[in-house]
Amino acid sequence: MVRRVLLVLSVLVLALSAVPASAAPAPGYTGIVKLSNCSGALVRTAYSRDTDPALVLTNGHCDEAGEPGPGDVVLDRATRRTMQLLGADGDQIATLRSTKLVYGTMTDTDVALYQLDTSYERLARVGGKALTLAATPAEPGTRISVVSGYFRRTWTCSVERVLYSLREADWTWKNSIRYTPECDTIHGTSGSPVVDQASGEVVGVNNTGNDDGYSCTLNNPCEVDEQGNVTVLEGRAYAQQTYLLVPCLGPASEIVLDQPDCRLPRPAALMPPSQAPAA
């Protein structure tokens, strides 16, 4: 993914020096998370309890065990991963530790949810207020912020279009968000929350962009419409919508895939025989 692998120091410095004014440091990093290789956010739903274990949202391809293959879904895998929780000014206010990867996939979407060993209530005591996941899809024209914990930078732009599908190498994602050109995010911003500026809710998770103008290759996603027509937009960046997570989150910050209206991809072992992939 174009936001996946961190660049070597010399290239990283060059990339940062080229960041436009729209990506200048900005306040408002409460709930934003820095991972070892990506960005993330402390998130909850509108009905989460303060005593529930807290969740961190990032991309599936940011999984420390390696990116899931096409069709792979990770469910409740124990993992002890350390992350940094940022405060409003972007400084670290707490070290977070996960207990498990509740859910992770790069099929249809590119998302991962880590469950932490502490609650929303306890994190709030040190200033760690979680962002709320929007329960409805993003709409074209919505003003958004892409907030990177890794770089402590914020890009502001709009949702330009919601796509039928986005393809990169072996992966295909549905209903992806294309940003307007101002959000020209860079490597290391994978997993950054996409925040609706009006509501303050998370509507997406930043995951990729077209580096070189190539078609449907690694780091060069292409747009594919209902008729199979392919469009390539060099330099444009994308996110995956997160509203699909909301009906799948049950009590105690667990993913419950058989809940009504839950449409997240399932592990092959949980699929009906008619839907399971061929051997």
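Higher on the page you've got the structure.
Residues numbered from 1 in each chain as written. Predicted model: local features only at pLDDT ≥ 70, side-chain atom pairs only at ≥ 80, totals over all residues. Heavy atoms only, no water.

Caption draft 1: Region of interest: the overall build of the chain. Counting its secondary structure elements, the chain contains two helices and 20 strands. The burial tally for the chain puts 53% of its 279 residues in the buried class. Counted over contacts in the chain with a minimum sequence separation of 6, partners at least 24 positions apart contribute 67%. Within the structure as shown, the chain displays about 11700 Å² of accessible surface, and the carbon and sulfur contribution to it stands at 52%. (Helix = DSSP H or I, 4+ residues; strand = E, 2+ residues; numbered from the N terminus. Buried < 20%, exposed > 50% of the residue type's maximum accessible area, 1.4 Å probe, protein only. Contact = heavy atoms within 4.5 Å. Areas by Shrake-Rupley, 256 points an atom, 1.4 Å probe, with all protein chains shown as cover.)

Caption draft 2: Just the layout of surface pockets, in detail. Approximately 220 Å³ is the volume found for the largest pocket. What lines the largest pocket is Asp108, Thr109, Lys174, Asn175, Gln240, Gln241, Tyr243, Leu244, Arg263 and Pro265. Residues of the lining of the largest pocket, tallied by class, amount to three nonpolar, four polar and three charged. (1 Å grid on protein atoms, 1.4 Å probe; cavity = no way out; pocket = protein on both sides within 12 Å on 5 of 7 lines; lining within 4 Å. Points joined across faces, edges and corners; volume = space filled by probe spheres on them. Nonpolar A, V, L, I, M, F, W, Y, C, P; charged D, E, K, R; others polar.)

Caption draft 3: Representation of the packing of aromatic side chains within the structure. Inspection of the entire model under this criterion finds one aromatic pair. Relative to Phe151, the ring of Tyr150 has its centre 5.2 Å away and its plane inclined at 80°; by these criteria the two rings are edge-to-face. Across the pair, Phe151 and Tyr150 agree in class, each one buried. (Phe/Tyr/Trp six-rings, centres within 6.5 Å; stacked < 30°, edge-to-face > 60°.)

Caption draft 4: Summary view of the pattern of salt bridges. For the structure shown, the criterion picks out 12 salt bridges. Across the salt bridge formed by Arg44 and Asp50, the nearest N and O atoms sit 3.1 Å from each other. Judged by relative accessible area, Asp50 falls into the partly exposed class, the value being 45%. In this structure, Lys100 and Asp76 form a salt bridge, with 3.5 Å as the shortest nitrogen-oxygen distance. Separated by 24 residues along the polypeptide, Lys100 in strand β6 (residues 92-105) and Asp76 in strand β4 (residues 73-78) bring together distant segments of the chain. Looking at Lys100, the relative accessible area reads 17%, which means it is buried. In this structure, a network of salt bridges that share partners links the residues Asp63, Glu64, Arg77 and Arg81. (Salt bridge = Lys/Arg side-chain N within 4 Å of Asp/Glu carboxyl O.)

Caption draft 5: Here's a closer look at unusual backbone geometry. The backbone of Asn219 sits at a positive phi, close to 70°, despite the residue not being glycine. Assignment of secondary structure puts Asn219 in the loop between β15 (202-209) and β16 (222-224). Within the chain, Asp261 stands out as a residue other than glycine whose phi angle is a positive 75°. If you trace the backbone, Asp261 turns up in the segment after β20 (254-255).

Caption draft 6: Quick peek at the side chain of Thr118. Among the secondary structure elements, Thr118 is positioned in strand β7 (residues 111-119). Apart from residues no more than four positions distant in its own chain, Thr118 is found in contact with Asp52, Pro53, Ala54 and Leu123.

Caption draft 7: Inspection of the side chain of Asp52 at higher detail. With respect to the helices and strands, the residue Asp52 is situated in the loop between β2 (39-44) and β3 (53-58). A distance of 2.9 Å separates polar atoms of two side chains, one belonging to Asp52 and the other to Arg49. Leaving out residues up to four positions away in the same chain, Asp52 has contacts with Thr118, Ser119, Tyr120, Ala252 and Ser253. (Polar contact = N/O pair within 3.5 Å; in protein donor to acceptor, adjacent residues only side chain to side chain.)

Caption draft 8: Spatial organisation of the sheet that holds strand β17 (residues 230-231). In space, the four strands of this open sheet follow the order β12-β11-β16-β17, with antiparallel pairing throughout. If you trace the sheet from one side to the other, it starts and ends with β12 (171-174) and β17, each paired once. The pairing of strand β11 (residues 165-168) with β12 spans four bridges and is classified as antiparallel. Looking at the pairing, Leu166 lines up with Trp173 of β12. (Pairing = 2+ DSSP bridges.)

Caption draft 9: Here's a closer look at the nonpolar core. If you look at the biggest cluster of nonpolar residues, it comprises 43 residues, and the most contacted ones within it are Leu57, Leu113 and Ile255. Judged by nonpolar contacts, the second largest core, of 17 residues, contains Tyr150, Val159, Cys183 and Ala239. (Core = buried A, V, L, I, M, F, W, Y, C linked by side-chain atoms within 4.5 Å.)

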